[in-house]
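Reading the structure
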Amino acid sequence: IPKAQAAGKPFFLVANSHDPHRPFLNSDAEPAPIKAMRGKAPREFKPEEVPVPGFLHDIPDVRREVAQYFGSVHRLDRTVGAVLKALKDSGAADHTLVLFASDHGMAFPFAKTTCYRAGTRSPWIVRWPGVVKPGSVDRQHLLSNVDFMPTILDITDLKSSGAVDGRSFLQILQGKPQEGREQVYTLMNETSAGNKYPSRGLANKRYGYIFNAWADGKTEFKNESQAGLTFKAMRQAGAKDPRSAARVELFTHRVLEELYDYEADPHALQNLAEAPAHQDALKELRAALLKRMEATGDPQVKTLKRLVKM
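A brief report on the enclosed structure follows.

Rules used throughout
Residues numbered from 1 in each chain as written. Predicted model: local features only at pLDDT ≥ 70, side-chain atom pairs only at ≥ 80, totals over all residues. Heavy atoms only, no water. Buried < 20%, exposed > 50% of the residue type's maximum accessible area, 1.4 Å probe, protein only. Helix = DSSP H or I, 4+ residues; strand = E, 2+ residues; numbered from the N terminus. Phe/Tyr/Trp six-rings, centres within 6.5 Å; stacked < 30°, edge-to-face > 60°. Lys NZ or Arg CZ within 6 Å of the ring centre and 35° of its normal. Pairing = 2+ DSSP bridges. Axes fitted to C-alpha atoms, helices over the stretch in contact; angles between N-to-C directions. Contact = heavy atoms within 4.5 Å. Core = buried A, V, L, I, M, F, W, Y, C linked by side-chain atoms within 4.5 Å. Lys, Arg positive; Asp, Glu negative; His and termini not counted. Salt bridge = Lys/Arg side-chain N within 4 Å of Asp/Glu carboxyl O.

1. Quick look at unusual backbone geometry
Between Asp19 and the following residue, Pro20, the backbone shows a cis peptide bond with an omega angle of 0°. A positive phi angle is found at Asp157, which is not glycine, with a value near 60°. For Asp157, a relative accessible area of 69% puts it in the exposed group. If you check the backbone angles, Arg254 has positive phi at about 55° while not being a glycine. By the secondary structure assignment, Arg254 is in the loop between α8 (242-253) and β6 (257-261). The exposure class of Arg254 is buried, given its relative accessible area of 7%.

2. Some details on the packing of aromatic side chains
Across all of its chains, the model carries 14 aromatic pairs by this definition. When the ring of Phe45 is compared with that of Phe70, the centres are 5.7 Å apart and the planes differ by 70°; the resulting orientation is edge-to-face. Here Phe70 lies in helix α3 (residues 60-90) and Phe45 lies in the loop between α2 (32-38) and α3, a separation of 25 residues in the sequence. Phe70 gets classed as partly exposed once you look at its relative accessible area, which sits at 27%. With centroids separated by 5.3 Å and ring planes inclined at 80°, the aromatic side chains of Phe221 and Phe251 adopt a geometry described as edge-to-face. Placement of the pair is Phe221 in the loop between β5 (207-212) and α7 (229-237) and Phe251 in helix α8, with a sequence separation of 30 residues. For the pair Phe221 and Phe251, one class covers both residues: buried. Through a chain of ring-to-ring contacts, the aromatic side chains of Phe110, Tyr116, Tyr197, Trp214, Phe221, Phe231, Phe251 and Tyr260 assemble into a single cluster. The residue whose ring lies beneath Arg117 is Tyr262, and the NZ or CZ to ring-centre distance is 4.2 Å. Between the NZ or CZ atom of Arg247 and the centre of the ring of Phe110, over which it lies, the distance is 3.7 Å.

3. Points about the sheet that holds strand β3 (residues 183-190)
In spatial order, the strands read β3-β4-β5-β6; together these four strands make up an open sheet with antiparallel pairing. Every interior strand has two partners, whereas the edge strands, β3 and β6, have only one. The average angle at which neighbouring strand axes cross in this sheet is 15°, direction not considered. In the packing of helix α9 (residues 279-295) onto the sheet, the strands contacted are β3, β4 (196-204), β5 and β6, and the crossing angle to β5 comes to about 60°.

4. Observations regarding the nonpolar core
By size, the foremost hydrophobic cluster in this structure holds 31 residues, and its most contacted members are Leu56, Val62, Phe108, Phe110, Tyr116 and Tyr260. Looking at this core, the elements that each hand over two or more residues are α3, α7 and α8. For this core, the leading source of residues is α3, giving four residues. If you look at the next biggest cluster of nonpolar residues, it comprises 20 residues, including Tyr185, Ala213, Leu272 and Val301.

5. Comments concerning the side chain of Arg247
In this fold, Arg247 is placed in helix α8. Buried and unpaired, Arg247 has no salt bridge, with Glu258 as the nearest side chain of opposite charge at 6.9 Å. In this structure Arg247 touches Phe55, His57, Phe110, Met234, Ala268 and Leu269, once residues within four positions along its chain are discounted.

6. Here's the deal with the pairing of β4
With respect to burial, β4 is a largely interior element, seven of its nine residues being buried. Relative to β4, β3 is paired through seven bridges, and the arrangement is antiparallel. Directly across from Thr186, in β4, lies its bridge partner Gly201. Hairpin geometry of β3 and β4 is characterised by an intervening segment of five residues between the two adjacent antiparallel strands and by a positive phi of about 90° at Gly194. In this structure, β4 lies alongside β5, joined through five bridges in antiparallel fashion. Across the sheet, the residue bridging to Gly201 is Ile210, located in β5. Linkage of β4 to β5, two consecutive antiparallel strands, is achieved through a turn of two residues.

Structure (structure tokens):
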């Protein structure tokens, strides 16, 4: 920042944090050097202090791991606070736009590396003195992280050198309504390990539709979130609890189509894809998803058409 100020030019800074990725704070997998470095600075949450998300089962080891996750989130909060303090100390805070965003949901089953809302609905917090009203919340428009670049280009009055995915939401930041923000498209292709599980999703304010092109009843889903305490605890609980067994089965093999009414079922626990009362919503979102896939040249278009006989 001082160099930019000395040159009379604007600055652009991207600050990334590993938190709250695994290994979580105070988990058995956390490397000893990290434990030694953190000392007493981050807060460690007790299992009884934290809320367990509704898409997981409230059993001891799940609660324990969620508490570890909260500790990592708290450590991230401290990092953000340090960046904002440095900005304030530089004297540039009052004329700097700050955007805080996350790329996916928490690293737990039915969240990260899935098209469930818990996996794709992530924080997007904006601080823009004189433009964005402090404490305001927009519950009207649906945004995607792909909209970040065109928004920055729009704010800085710069032009892209080529086609840009997404669209600017500058007018939303200015407190104005914007058409075409009624639904959001999500996709998953493969995990960091290179395992391919092509899934596509389309969601509006009420419903979420997911097409799992890979779900054939045999292929098993494997991702990093299964390495922790939670999935193992759910699998063990499934030996006696049919509900846990059903959740483990769904996460492991998934089904071709999923439809959730997020107003009535915010944690996506009841698949309505075959429910007669929701067939209109299923067909509407399926058709909208197909249209989006065709427009982007998605290689799974033929799979969707063939498997659902469109």
